[in-house]
Amino acid sequence: MSVPQGGTTAVAAPLPYVDPVRRAAARRRTVRDALIATASLAVFVGAVALWASRLPGWPAVQASFFDGEILRSSFLPTLQALVLNIKMFLVAELLILPLGLVVALCRRSRAPVLFPLRAVATVYTDVFRGTPTLLVVFLLGFGVPALDIPGLTPEPVVWGTVALVLSYGAYVGEVFRAGIASVHPSQGMAARSLGLSQWQTSRFVVLPQAVRRVVPPLLNDFVSLQKDTALVGVLGPIEALRQAQIISYDEANFTPYVAAAVLFIALTIPLARFTDWLQARQERRTSIAGAR
Amino acid sequence: MTGPLLEMTGVHKAFGPNAVLRGIDLQVAEHEVVVLIGASGSGKSTLLRCVNGLEAVDAGEVVLRTPGSTLTVSDARVDLDAVRRRVGIVFQQYNLFPHLSAVQNVALAPRRVLRRSRGQAERAARELLARFGLADRADAYPDQLSGGQQQRVAIVRALAMDPEIVLFDEITSALDPQLVGEVLDVVRELTTAGMTIVMATHEMGFARDVAHRVLFLDAGTVVEEGTPAQIFGAPTHPRTRQFLARVSTGTATRGGIDA
């Protein structure tokens, strides 16, 4: 992923010449564009706020959703509960990546002897992609502990996380599969022609290229996973959304939900921006220049 | 080792209803440079791909006699990885691995197939790249190289496995005309070094220069074969004459004409 830019050509190219008048004009345009963007945003936000505040129901909504006092008091407990979401998310992520990769490899295997693997992987993908994630959480979170299997923990957080892993593993498997399919067959042909085995070709030529290509869609799935950790709350563990719900019942006010929403957004934004950045970099690399 | 290094006998190959090779006989001795000419679709590429087992033949035999072992490529039970360790091939589209630098492209197979250490494989790769004028591009990635440089790296990558024979499949056809020369210079150097080569090309002038033997293919058969002087100077078969006449007026094939 880290292709060093610029070659090792011995002769340094002369600096490109840009007419100073045009350079100054371009700089003025940049400043002007930034000012216009800021002003436009301020006008837009102001207009929406003005419109909302003049609605007849606004005072009631403000009292039940945007109570400053409750917002302050519910913020810290919700943030503390968010630690559980982060834990679930980190553990799930580490398990989903290998699971998805294995599923993708099984689904792409062609050897007749591996047919059972291919069949299992296909059924797995169909089932877990087709089932609502919340339903998987319910089934595993209440079902498995009820079985009372010796040696298996009945801890709902564990089974809720397993449910997320199984559900997202199916999606991530498809992402990996698409990535592998996007590597041109001539790459495999070139590798096999050098004497690399089928496995070595996958490991050293096809997969490295496939994984690089799917990083943005993969991160997109992880952004989604970060907030879906809230689903595990239905099993009882106090994660951020469940904590907000409890405070909300106590206070008879919806503001804690807003606090939880803000926290979830704050959690996902860094990953979302990182995804944007990676995607932009990939576009620059493939040098697709847009028209102005 | 008795007999030619490469021997093809009565090779047939079809893709669906389309018969591409129809009874090819070809023997290539060690150190020999054999050039295949013919219009696009005459079967040159398919012939080469039958030699390293990228295509399985429908009938006939392909035998590779290397010091220490005789490999029947056309046999379904043959170890194709063993065949490909001994046969280098370079493609029209270079097919470098874009996620690896030039030196990593070259060192990959020696490391993974021949189990050389990374240091050893990369040192050898750098030396080989330097020999073909690519020392200062060794750490560049394929998309930072010109077409000619990429193709030279692809040739070096094939040579790094120390093959008994190298196949060139129209390796200059995707290049801008001004880049063709640097790639052909590399091939020329290999011919003087005594490498065994089978080459499909549209570069008639080059074929005439380096070939020991030229084969004219048409519709999946070898129509005429001989020394370059015979084929280019006094072709006997009417189809050979027709092809060479069209090539020299630049209408025979898509691109890559240089007669």
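Residues numbered from 1 in each chain as written. Chains lettered and ligands numbered in written order. Predicted model: local features only at pLDDT ≥ 70, side-chain atom pairs only at ≥ 80, totals over all residues. Heavy atoms only, no water.

Engineer: Is there a simple way to think about the overall build of chain A in this case?
Structural biologist: Scanning chain A from terminus to terminus reveals 10 helices and 0 strands. Helices and strands appear in chain A in the N-to-C order α-α-α-α-α-α-α-α-α-α. The C-alpha radius of gyration of chain A comes to 26 Å, more than 25% above the 19 Å expected for a compact globule of 292 residues. Referenced to the eigenvectors of the C-alpha coordinate spread, the extents of chain A come out at roughly 75 × 70 × 30 Å. Among the 292 residues that make up chain A, the fraction classed as buried is 36%. Side chains of chain A carry 26 positive and 16 negative charges; the gap between the two charge centres is 18 Å. (Helix = DSSP H or I, 4+ residues; strand = E, 2+ residues; numbered from the N terminus. Rg over C-alpha atoms; globule rule 2.2 N^0.38 Å. Buried < 20%, exposed > 50% of the residue type's maximum accessible area, 1.4 Å probe, protein only. Lys, Arg positive; Asp, Glu negative; His and termini not counted. Charge placed at Lys NZ, Arg CZ, Asp CG, Glu CD.)

Engineer: Would you mind going over the environment of Glu30(B) with me for this structure?
Structural biologist: All names here are of chain B. Tracing the backbone shows Glu-30 in the loop between strand E2 (18-28) and strand E3 (33-37). Taking relative accessible area as the criterion, Glu-30 reaches 43% and is therefore assigned partly exposed. A C-alpha to C-alpha distance of 8.2 Å links Glu-30 and Ile-165, two positions 135 residues apart in sequence.

Engineer: Is there a simple way to think about the nonpolar core in this case?
Structural biologist: Soluble, globular proteins show a tendency: their nonpolar side chains are buried together. Residue and element names in this part refer to chain B. Ile-37, Leu-129, Ile-155 and Phe-168 are the most contacted members of the largest nonpolar core, which totals 54 residues. Top contributing element to this core by residue count: helix H6 (residues 177-192), with 7 residues. Beyond its immediate chain neighbours, meaning those up to four positions away, Phe-168 contacts Leu-48, Val-90, Ile-155, Val-187, Leu-190, Ile-197, Val-198, Met-199 and Ala-200. Counting 44 residues, the second-largest nonpolar core is a separate cluster that includes Leu-47, Leu-64, Leu-71 and Ala-200. (Core = buried A, V, L, I, M, F, W, Y, C linked by side-chain atoms within 4.5 Å. Contact = heavy atoms within 4.5 Å.)

Engineer: What should I look at first to understand the packing of helix H3 (residues 102-112) of chain B against helix H5 (residues 147-159) of chain B in this one?
Structural biologist: A pair of packed helices is characterised by two quantities: the angle between their axes and the separation of those axes. Residue and element names in this part refer to chain B. At a minimum axis distance of 8 Å, the contact between H3 and H5 shows a crossing angle of 25°. As the angle between them shows, H3 and H5 are arranged roughly parallel. You can see that H3 and H5 cross each other, and the crossing is right-handed. Between H3 and H5, the contacting residues are Ala-102, Asn-105 and Val-106 on the first element and Val-153, Val-156 and Arg-157 on the second. Broken down by class, the residue content of the contact of H3 with H5 amounts to 4 nonpolar, 1 polar and 1 charged. (Axes fitted to C-alpha atoms, helices over the stretch in contact; angles between N-to-C directions. Parallel < 35°, antiparallel > 145°, perpendicular 65-115°, else oblique. Left-handed = near helix turned anticlockwise from the far one by under 90°. Nonpolar A, V, L, I, M, F, W, Y, C, P; charged D, E, K, R; others polar.)

Engineer: What should I look at first to understand the packing of aromatic side chains in this one?
Structural biologist: Two numbers describe a pair of aromatic rings. These are the distance of the centres and the angle of the planes. If you walk through the whole model with that rule in mind, you get 8 aromatic pairs over all chains. Measuring from centroid to centroid gives 5.8 Å for Phe138(A) and Phe142(A), while their planes differ by 25°, and the two rings are stacked. Within this pair, Phe138(A) and its partner Phe142(A) are both found in helix H5 (residues 133-147), separated by 4 residues, close to a single helical turn. On the basis of relative accessibility, which here comes to 32%, the residue Phe138(A) falls in the partly exposed class. A relative accessible area of 45% means that Phe142(A) is categorised as partly exposed. An aromatic cluster of three or more residues is present, and its members are Phe65(A), Phe254(A) and Tyr257(A). Here Arg157(B) stacks its cationic end above the ring of Phe97(B), 4.4 Å away from the centre of that ring. (Phe/Tyr/Trp six-rings, centres within 6.5 Å; stacked < 30°, edge-to-face > 60°. Lys NZ or Arg CZ within 6 Å of the ring centre and 35° of its normal.)

Engineer: Please explain the interface of chain A and chain B as it appears in this structure.
Structural biologist: Where interface size is quoted, it is often the accessible area lost as the parts come together. Between chain A and chain B, the contact holds 25 residues from the first and 26 residues from the second. Broken down residue by residue, the surface that chain A buries against chain B is led by Ser193(A), Leu194(A) and Phe204(A), which jointly contribute 28%. In this structure, Asp81(B) engages Arg192(A) in a salt bridge whose closest nitrogen and oxygen atoms are separated by 3.3 Å. At the junction of chain A and chain B, the tally comes to 5 residue pairs in polar contact (both at pLDDT 80 or more). The residue makeup of the side of chain A that touches chain B, split by class, is 10 nonpolar, 13 polar and 2 charged. (Buried area = accessible area lost by both parts, 1.4 Å probe. Salt bridge = Lys/Arg side-chain N within 4 Å of Asp/Glu carboxyl O. Polar contact = N/O pair within 3.5 Å; in protein donor to acceptor, adjacent residues only side chain to side chain.)

Engineer: Would you mind going over the pattern of salt bridges with me for this structure?
Structural biologist: When their charged atoms lie close together, side chains carrying opposite charge are able to pair. Inspection of the entire model under this criterion finds 18 salt bridges over all chains. Between Asp33(A) and Arg32(A) there is a salt bridge; the shortest N-O distance is 3.7 Å. One salt bridge connects Arg65(B) with Glu7(B), and the closest N-O pair in it is separated by 2.9 Å. With Arg65(B) in strand E4 (residues 59-66) and Glu7(B) in strand E1 (residues 6-15), this residue pair connects regions lying 58 residues apart in the sequence. Taken as a pair, Arg65(B) and Glu7(B) share a single burial class, namely buried. Linked by salt bridges that have partners in common, Arg107(A), Glu174(A) and Arg177(A) make up one network.

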